[in-house]
Amino acid sequence: MILQDAVETDFAEIIELANIAYRKTGPGSSWNSEEGLIAGPRLNESLLRDEFARNPEAHLLVYRETPASQLLGTVWLEPKDSDTWYMGLLTVRPDKQAAGLGRTILTAAEDYVRAHGGNRIRMTVLHVRATLIAWYERRGYTLTGETEPWHHDDQRFGTALRDDLYFLVMQKTLSLEAKS
């Protein structure tokens, strides 16, 4: 598997994958779709460019079997301080999820953070996504007890279909040695 920083020519595929992984409904949708929670696109080119402009030290990593093959997954990694990185936009092609690709990408992301001096990853997950929270907990992530609001007045990430949405903060302290 090839892990590399996204380049501008990857943007269209990244946007398509994010919208399929987060928002597609019906046959072929992801096991962790936000169906019934959030409507509309998860990502567009303007938002992606804005995220890079606001976070110039962040890395959007893309995963492919070969440099020229189809995009299989993504993950956003952003250093917050010398020890802690934020992880977001972890996506996997829905038709590849049963093959363990999510775990593979998550492990690669952890290794990447560790190789760049980080020892903790933090992320946010919608509080109603119990199955996804449990998936991360099985991989060593814990709830911190912190919450962050869903931005109901900001439609850039989609439109909330419920007025009670908020994020739970999860984190994992990484071991010094990479996992295999």
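Residues numbered from 1 in each chain as written. Predicted model: local features only at pLDDT ≥ 70, side-chain atom pairs only at ≥ 80, totals over all residues. Heavy atoms only, no water.

## Quick look at the overall build of the protein
- The number of helices and strands found in the protein is four helices and nine strands.
- Scanning the protein from its N terminus toward the C terminus, one meets helices and strands in the order β-α-β-α-β-β-β-α-β-α-β-β-β.
- Here the C-alpha atoms of the protein give a radius of gyration of 16 Å, agreeing with the 16 Å that 2.2 N^0.38 yields for 180 residues.
- Dimensions of the protein, computed from C-alpha atoms along their principal axes, come out at roughly 40 × 40 × 35 Å.
- For the protein, the residues scored as buried account for 47% of the 180 residues in total.
- In the form shown here, the protein has an accessible surface area of approximately 9200 Å², with 50% of it arising from carbon and sulfur atoms.
- Treating the 20 positive side-chain charges of the protein as one cloud and the 26 negative ones as another, the clouds have centres 5 Å apart. (Helix = DSSP H or I, 4+ residues; strand = E, 2+ residues; numbered from the N terminus. Rg over C-alpha atoms; globule rule 2.2 N^0.38 Å. Buried < 20%, exposed > 50% of the residue type's maximum accessible area, 1.4 Å probe, protein only. Areas by Shrake-Rupley, 256 points an atom, 1.4 Å probe, with all protein chains shown as cover. Lys, Arg positive; Asp, Glu negative; His and termini not counted. Charge placed at Lys NZ, Arg CZ, Asp CG, Glu CD.)

Shape descriptors only; they carry no functional weight alone.
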